[in-house]
Amino acid sequence: MTREEIVKLIENSQLEEGAKRALLTLIIDKGLTREVVDHIKESFDDAVIATMKDAGVDLTQTEEFKAAEGEFAAAAEQAKAQLDSDMSAINSEMKKVQAEMGQQLDDLQAQVIKDKISE
């Protein structure tokens, strides 16, 4: 969709006027970035879910929602585990580099002292 089509979609939607203004302002301020498009999608999803809840339908209690929620939780947990693993490796590497730099600094200071003594 083009920017103009998205703007018309927002303007002609059943979203509350405040939500429409916020989305249009976001488009003006940041442009049509992936983040902005994701925010627009979330706003529409939230509006649909709220409308359905008002009608007495709770999508969060369906099997499909629960399955999707479980998949998301598993993916999030896997991403967190990978991040923790990567951060542990980075911390280990940083400690190694710090130790090496400390040794190099000690060697350099020793060399400076030796040079001063031999003068």
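Refer to the preceding data block for the structure.
Summary of the structure given here. This structure is a prediction, so every number in the text was calculated from the model and none was measured. Going along each chain's sequence as written, the residues are numbered from 1 onward. Per-residue local features of the predicted model are confined to residues with pLDDT of at least 70, and side-chain atom pairs are confined, for both listing and counting, to 80 or more; whole-chain, interface and lining totals are unaffected and use all residues. Neither water nor hydrogens contribute to the side-chain values; these are computed over all heavy atoms in the structure.

1. Regarding the overall build of the protein chain
Counting from the N terminus, the helices are the DSSP runs of H or I reaching at least four residues and the strands are the DSSP runs of E reaching at least two. Broken down by element type, the protein chain carries four helices and zero strands. Along its sequence from the N terminus, the protein chain presents helices and strands in the succession α-α-α-α. Referenced to the eigenvectors of the C-alpha coordinate spread, the extents of the protein chain come out at roughly 90 × 40 × 25 Å. The criterion used for residue contact is that any of the two residues' heavy atoms lie within 4.5 Å. Restricting the contact set of the protein chain to residue pairs at least 6 apart, pairs at least 24 apart contribute 34%. Put simply, the protein chain shows about 9800 Å² of open surface, and 56% of that area lies on carbon and sulfur atoms. Positive charge is attributed to Lys and Arg, negative charge to Asp and Glu, and no charge count is given to His or to the chain ends. Taken as the charge location is NZ of Lys, CZ of Arg, CG of Asp or CD of Glu. Across the protein chain, the 14 positively charged side chains and the 26 negatively charged ones have centroids separated by 3 Å. Under the convention used here, a 1.4 Å probe and the Shrake-Rupley method define accessible areas, while residue burial counts only the protein chains that appear.

2. A short note on helix H2 (residues 17-30)
A helix's residues, less one, multiplied by 1.5 Å, set its expected span. Taking 1.5 Å per residue as the helical rise, H2 with its 14 residues ought to reach 20 Å, and the 20 Å between its terminal C-alpha atoms agrees with that figure. Three labels apply to residues, based on accessible area from a 1.4 Å probe with only protein chains included: buried if under 20% of the type maximum, exposed if over 50%, partly exposed otherwise in between. Buried within H2 we find Lys20, Leu23 and Ile27. For H2, the arc enclosing every buried residue in end-on projection is 70°, short of the 170-degree limit, so these residues lie on one face. Among the exposed residues of H2, those pointing more than 90 degrees away from its buried face are Glu17, Arg21, Ile28 and Asp29. Buried positions along H2 lie against helix H1 (3-11) and helix H3 (34-54). A positive phi of about 85° marks Gly31, the residue just after H2. Here the arc refers to the directions that run from the helix axis out to each C-beta atom.

3. Quick look at the pattern of salt bridges
We define a salt bridge as a side-chain nitrogen of Lys or Arg found within 4 Å of a carboxyl oxygen belonging to Asp or Glu. Tallied over the entire structure, the rule returns three salt bridges. The closest approach of N and O atoms between Lys30 and Glu35, which form a salt bridge, is 3.2 Å. Glu35 gets classed as exposed once you look at its relative accessible area, which sits at 53%. Between Lys80 and Asp84 there is a salt bridge, with the nearest N and O atoms lying 2.9 Å from each other. Placement of the pair is Lys80 and Asp84 together in helix H4 (residues 63-118), with a separation of four residues, close to one helical turn.

4. Looking at a nonpolar patch on the surface
Patches here are clusters of residues that have more than 30% relative accessible area and form no salt bridge, with a 9 Å joining cutoff for like charges and a 5 Å cutoff for nonpolar side chains (Val, Leu, Ile, Met, Phe, Trp, Tyr). On the surface, Leu83, Met87, Ile90 and Met94 cluster together to form a nonpolar patch covering roughly 380 Å² of accessible area. Tracing the backbone shows Leu83 in helix H4.

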